[in-house]
Amino acid sequence: MQLRPEQLSAHLEKSLAPVYLIHGEELLIVQEAADAIRASARAQGYSEREVFNVEKGFDWDQLLEAGNSLSLFAEKRILEVRIPTGKPGDAGGKALRAYAERPAEDILLMVICGKLETAQRKAKWVTDLDDAGVSITCWGVDARQLPNWISQRMQQVGLKPSAGAVQLLAERVEGNLLAAAQEIDKLVLLHGTGTLDEQAIASAVSDSARFDVFGLVDSALEGHSARCMRMLDGLRAEGVEPVVISWALARELRSLAQMAWGMAQGDTAAAVMNRYKVWRNRQPLVGKALRRYKLAAWQLLLGKCAEIDRIVKGQAPGNAWDELVQLCLGLSGTRLGLMQRK
């Protein structure tokens, strides 16, 4: 049986299936679906839990043995199989199909995967698990749906946001549901329940950090190199790890490189920004940055992000903060090395 995440709660109030397959691209929704199933199982006496992380060389006999063995205290158990790639291989597929044919009594099997492509969803192990129990597909939330998702989640925790407050938070998290959920939890802690306007959102953001990483990215896109340096110093003083800053910059640069490639093929800036779902109020900012360099320059800056990542991990010599200075200067318009201006 297939269920949508929003149908899971009603299903769990009625019954508990012997098998659950949870998969999808949105980590937060996958996590919360799994949490809901675990909570329901615990309430029904499933007091033991065994977790199997499927990596290269994983021995699938472990799962079948666990399913066939009796609990030491004859208690109900949860067997949780995590397959991040969604590819269990031939041995894994056979093991999952074998289990699905004869689910063990007093055992709940929960299989958690990342995004399954169309061909993967047609695999026999997937359809057999679906026939034996319940499968839940956790799709992402696109830009158009995000404000409504944020509004509903705020209301669930007792907040009554204005339309402007919802839009401001949506712009800040830019489709990252996990970040949105964390921001909403923080708002409840800072303000309690009740009404919430744009000023409350802005205040909460400034309370959490004097200079935030997203503000640094936007300042660089705007071309404010001096402000970037002040913000970078502020982030360093607040103890923000270089890898967090590098991640935010790399995410933006990856999009810019992709859009620059589209423009190199003859597309307009407006067309590529719409294709990559750039928020309308950010399009002037991103468009300004796209006019700054050719494709090769964006690729060079993206390569510098990879270099910083290696430095942070101790795989290359250098000072990550010094490299971040160079990266921010480059993004904000200061020519570095072989970078080409338009």
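Definitions and cut-offs
- Residues numbered from 1 in each chain as written.
- Predicted model: local features only at pLDDT ≥ 70, side-chain atom pairs only at ≥ 80, totals over all residues.
- Heavy atoms only, no water.
- pLDDT = per-residue confidence, 0-100.
- Contact = heavy atoms within 4.5 Å.
- Pairing = 2+ DSSP bridges.
- Helix = DSSP H or I, 4+ residues; strand = E, 2+ residues; numbered from the N terminus.
- Axes fitted to C-alpha atoms, helices over the stretch in contact; angles between N-to-C directions.
- 1 Å grid on protein atoms, 1.4 Å probe; cavity = no way out; pocket = protein on both sides within 12 Å on 5 of 7 lines; lining within 4 Å.
- Points joined across faces, edges and corners; volume = space filled by probe spheres on them.
- Nonpolar A, V, L, I, M, F, W, Y, C, P; charged D, E, K, R; others polar.
- Phe/Tyr/Trp six-rings, centres within 6.5 Å; stacked < 30°, edge-to-face > 60°.
- Buried < 20%, exposed > 50% of the residue type's maximum accessible area, 1.4 Å probe, protein only.
- Parallel < 35°, antiparallel > 145°, perpendicular 65-115°, else oblique.
- Left-handed = near helix turned anticlockwise from the far one by under 90°.

Peer 1: What is the right way to read the confidence of the model for the protein chain from this model?
Peer 2: Atom-level detail of predicted coordinates should not be read off regions where pLDDT is low. Summary statistics for the protein chain give a mean pLDDT of 85 and a share of 93% for residues scoring 70 or more. Every residue in residues 206–210 is under pLDDT 50, and counting partners more than four places away or in other chains gives 3 contacts.

Peer 1: Where do I start with the sheet that holds strand β4 (residues 76–83) in this structure?
Peer 2: Two modes of strand pairing occur in sheets, parallel and antiparallel, and in both the strands are linked by backbone hydrogen bonds. Here 6 strands make up an open sheet; going across it, the order is β1-β6-β2-β5-β4-β3 and the pairing parallel. Strands at the two margins of the open sheet, each flanked by one partner only, are β1 (2–3) and β3 (46–53). Where strand β2 (residues 19–24) and strand β5 (residues 107–113) come together, 4 bridges link them in parallel fashion. Paired with I22 across the two strands is I112, which belongs to β5. Sitting on the sheet, helix α2 (residues 27–43) is in contact with β2, β3, β4, β5 and β6 (134–138), with an inclination near 175° to β5. Packed on one face of the sheet, helix α3 (residues 61–68) meets β3, β4 and β5 and runs near 165° to β4.

Peer 1: So what exactly am I meant to see when it comes to empty space enclosed by the protein here?
Peer 2: One water molecule sets the probe size; rolling that probe over the atoms shows where empty space is left. Scanning all chains against the criterion turns up 1 cavity of 30 Å³ or more. Here the largest cavity is characterised by a volume of approximately 30 Å³. The wall of the largest cavity is formed by H23, G24, E25, K115, L116, R121, T137 and W139. Tallied by class, the residues present in the lining of the largest cavity amount to 2 nonpolar, 3 polar and 3 charged.

Peer 1: Honestly, the layout of surface pockets in this entry has me stumped. Any pointers?
Peer 2: Of the pockets and cavities examined, the largest pocket occupies roughly 730 Å³. Elements supplying a minimum of two residues to the lining of the largest pocket: α1 (8–14), α2, β6 and α7 (146–156). When its residues are assigned to classes, the lining of the largest pocket shows 11 nonpolar, 7 polar and 4 charged.

Peer 1: For this particular structure, what's the right way to read the packing of aromatic side chains?
Peer 2: Here the distance between the centres and the angle between the planes together describe a pair of aromatic rings. Evaluation of the coordinates by the stated rule reveals 3 aromatic pairs. Measuring from centroid to centroid gives 6.3 Å for F52 and F58, while their planes differ by 75°, and the two rings are edge-to-face. Both residues of the pair, F52 and F58, count as buried. Arranged with centres 5.0 Å apart and planes meeting at 85°, the rings of F58 and W60 form a pair that is edge-to-face.

Peer 1: Explain the packing of helix α11 (residues 213–222) against helix α17 (residues 320–332) to me, please; I cannot follow it from the model alone.
Peer 2: For any two helices packed against each other, one specifies the crossing angle of their axes together with the interaxial distance. Running from amino to carboxyl end, α11 crosses α17 at an angle of 45°, the nearest separation of the two axes being 6 Å. Looking at the two axes, α11 sits oblique to α17. Counted together, L216, A220 and L221 of α11 and C328, L331 and S332 of α17 form the full contact between these two elements. Taken together, the residues of the contact of α11 with α17 sort by class into 5 nonpolar, 1 polar and no charged.

Peer 1: Which parts of the structure should I look at to understand the packing of α7 against helix α9 (residues 177–191)?
Peer 2: Running from N to C, α7 and α9 cross one another at 35°; their axes reach a closest spacing of 11 Å. Regarding α7 and α9, the two cross each other, and that crossing is right-handed. Within the contact between the two elements, α7 uses L146, W149, I150, R153 and M154 and α9 uses L177, A180, A181, I184 and L187.

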